[in-house]
Amino acid sequence: MNPVKVRNVEIGTGIPKICVPIVGTTKEEILNAAETIKTTAADVVEWRVDWYEDIFDFEKTEETMRALRETLGEMPILFTFRTSKEGGEKAIETDVYVELNQKAARTGLIDLIDVEAFTGDDAVKAVIGTAHECGVKVVASNHDFQKTPEKEEIVSRLRRMQELGADIPKIAVMPQNKKDVLTLLSATEEMATDFADRPIITMSMSGTGVISRLCGEVFGSALTFGAVGKASAPGQMGAGDLQTVLGLLHKSL
């Protein structure tokens, strides 16, 4: 398995890295959140741009991105427009989505881009192609807020993301019961052991699935999401608590 290096962070080795989302709606809220996150256990910041009020004005978006880069220094930034169909704040046309992500990659101000893996192969490949030309890594993602698919289906989706050229495949699913959490963990282990040649990210959401956010080092998930302030998904723990638990588990392995 080949780790993914972004700035000074190596995703895919040792303790799973902690990514903290910023869900501010204004430039001021976003930068205030960044100042707070700098003092925490975060390894990576995810800027959830679907929350940002001026996201469709790229001049303002780039201005905020530049200020965010200055505030965070060497901390890697993951640029994510989560569409409403996958649990995000806003709807967006596919061509606009592709263009936004390509423009973001070309700024040189971000380190990773999230592309929703089932946007359409041509769209996904267009984003990945531009990102890689600009030295930006790509997280291909899929979110199911309704259910947990069968293990074979989870593995199949992650393998498809890998085939499309994503640097890090990611899937998040909703458990209906405890067995669903085991399904997600089993799929993670199978993908990491048998198929992945790069880091993967998996999680089972909500309180029922919180264990999946803690045991990535055991089953093969390389990064986990923790909150500082407002969470961006159900089941996120505080980043400080997350760091404590991940560290304790690491020491015992």
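Being a predicted model, the structure only gives us computed values, none of them experimental. (Residues numbered from 1 in each chain as written. Predicted model: local features only at pLDDT ≥ 70, side-chain atom pairs only at ≥ 80, totals over all residues. Heavy atoms only, no water.)

**Student:** Summarise the sheet that holds strand β4 (residues 44–48); cite the residues concerned and give the values.
**Tutor:** Reading across from one edge, β9-β8-β7-β6-β5-β4-β3-β10-β11 is the order of the 9 strands in this open sheet, with parallel pairing throughout. The open sheet terminates on both sides in strands that have one partner only, identified here as β9 (201–204) and β11 (237–238). Pairing between strand β5 (residues 77–80) and strand β6 (residues 112–116): 2 bridges, direction parallel. Counterpart to Leu78 in the pairing with β6 is Leu112. Helix α1 (residues 27–37) rests against β3 (17–22) and β4 of the sheet, and its axis sits at about 155 degrees to β3. (Pairing = 2+ DSSP bridges. Helix = DSSP H or I, 4+ residues; strand = E, 2+ residues; numbered from the N terminus. Contact = heavy atoms within 4.5 Å. Axes fitted to C-alpha atoms, helices over the stretch in contact; angles between N-to-C directions.)

**Student:** Talk me through the state of the cysteines; I want residue IDs and the actual numbers.
**Tutor:** Two cysteines, two sulfur atoms, one covalent bond between them: this is a disulfide. Using the criterion set out here, one finds 0 disulfides in the structure. Cys215 takes part in no disulfide bond, and the closest cysteine sulfur, belonging to Cys19, lies 18 Å away. (Disulfide = S-S within 2.5 Å.)

**Student:** I'd like a description of the pairing of strand β10 (residues 223–227), backed by residues and values.
**Tutor:** The element β10 is largely enclosed, with a buried count of 5 among its 5 residues. Along β10, one buried face is formed by Leu223, Phe225 and Ala227 and the opposite face, lined by Thr224 and Gly226, is buried too. In this sheet, β11 lies alongside β10 in parallel orientation, the contact comprising 2 bridges. Note on β11: the bridge partner recorded for Ala227 is Gly238. (Buried < 20%, exposed > 50% of the residue type's maximum accessible area, 1.4 Å probe, protein only.)

**Student:** Tell me about the pattern of salt bridges, residues and numbers included.
**Tutor:** Applying the stated criterion across every chain yields a total of 17 salt bridges. Salt-bridge contacts for Asp121 lead to Arg160; the nearest nitrogen and oxygen are separated by 2.3 Å. With Asp121 in helix α4 (residues 121–133) and Arg160 in helix α5 (residues 151–163), this pair connects stretches of sequence that are 39 residues apart. Residue classification places Asp121 among the partly exposed positions, given a relative accessible area of 33%. A salt bridge links Asp144 to Lys147; the shortest N-O distance between them is 2.8 Å. Using a relative accessible area of 42% as the deciding quantity, one classes Lys147 as partly exposed. Salt bridges sharing common partners tie together Arg7, Arg69, Glu74 and Asp111. (Salt bridge = Lys/Arg side-chain N within 4 Å of Asp/Glu carboxyl O.)

**Student:** Could you give an account of the packing of α5 against helix α6 (residues 178–195), with specific residues and numbers?
**Tutor:** Packing of α5 against α6 brings their axes to within 9 Å, and their N-to-C directions diverge by 40 degrees. As judged from the angle between their axes, α5 and α6 are oblique. Considering the relative orientation of α5 and α6, their crossing is right-handed. Contact residues: α5 offers Lys151, Ile154, Val155, Leu158, Arg159 and Gln162, while α6 offers Thr183, Leu184, Ser186, Ala187, Glu190, Met191 and Phe195. Among the residues forming the contact of α5 with α6, the class breakdown is 7 nonpolar, 3 polar and 3 charged. (Parallel < 35°, antiparallel > 145°, perpendicular 65-115°, else oblique. Left-handed = near helix turned anticlockwise from the far one by under 90°. Nonpolar A, V, L, I, M, F, W, Y, C, P; charged D, E, K, R; others polar.)

**Student:** Any details on unusual backbone geometry? Residues and values, ideally.
**Tutor:** We note that Arg7 has phi near 50 degrees; this positive angle belongs to a residue other than glycine. Tracing the backbone through its elements, the reader meets Arg7 in the loop between β1 (4–6) and β2 (9–11). A residue is classified by how much of its surface remains accessible, and Arg7, at 28% relative accessible area, is partly exposed. Within the chain, Ser206 stands out as a residue other than glycine whose phi angle is a positive 70 degrees. A relative accessible area of 16% means that Ser206 is categorised as buried.

**Student:** Please set out the side chain of Gln162 residue by residue, giving values where relevant.
**Tutor:** Turning to its location among the elements, Gln162 is positioned in helix α5. A residue is classified by how much of its surface remains accessible, and Gln162, at 13% relative accessible area, is buried. Among the polar contacts made by the side chain of Gln162, one reaches the main-chain carbonyl oxygen of Phe195 at a distance of 3.0 Å. When residues no more than four places from it in sequence are discounted, the contact partners of Gln162 are Pro169, Met191, Phe195, Ala196, Asp197 and Arg198. (Polar contact = N/O pair within 3.5 Å; in protein donor to acceptor, adjacent residues only side chain to side chain.)

**Student:** Break down α4 for me, with residues and values.
**Tutor:** The periodicity of an α-helix, 3.6 residues per turn, causes residues three or four places apart in sequence to face the same way. Here α4 is 13 residues long and its end C-alpha atoms lie 18 Å apart, about the 18 Å a rise of 1.5 Å per residue gives. Inspection of α4 places Ala123, Val124, Val127, Ile128, Thr130 and Ala131 among the buried residues, and these make up the whole buried set. When α4 is viewed along its axis, its buried side chains cluster within an angular range of 165 degrees and face the same direction. Seen from the buried face of α4, the exposed residues on the opposite side, beyond 90 degrees, are Asp122 and Glu133. Buried residues in α4 make contact with α3 (94–106), β6 and β7 (137–144). (Expected span 1.5 Å × (residues − 1). Arc of directions from axis to C-beta.)

**Student:** Which residues make up the pairing of β4, and what values go with them?
**Tutor:** In terms of residue burial, β4 counts as a mostly covered element, since 5 of its 5 residues are buried. Burial along β4 is two-sided: the face carrying Val44, Glu46 and Arg48 and the face carrying Val45 and Trp47 are both buried. With respect to chirality, the unit in which β3 leads through α1 into the neighbouring parallel β4 is right-handed. With 4 bridges joining them, β4 and β5 adopt parallel strand pairing. Residue pairing for β5: Trp47 is matched across the bridge by Phe79. Handedness of the crossover is the feature at issue here: the chain leaves β4, passes through helix α2 (residues 58–72), returns alongside β5, and the resulting connection is right-handed. (Right-handed = clockwise from strand over helix to strand, strands pointing away.)

It is worth stressing that arrangement in space is one thing and function is another; only the former is reported here.
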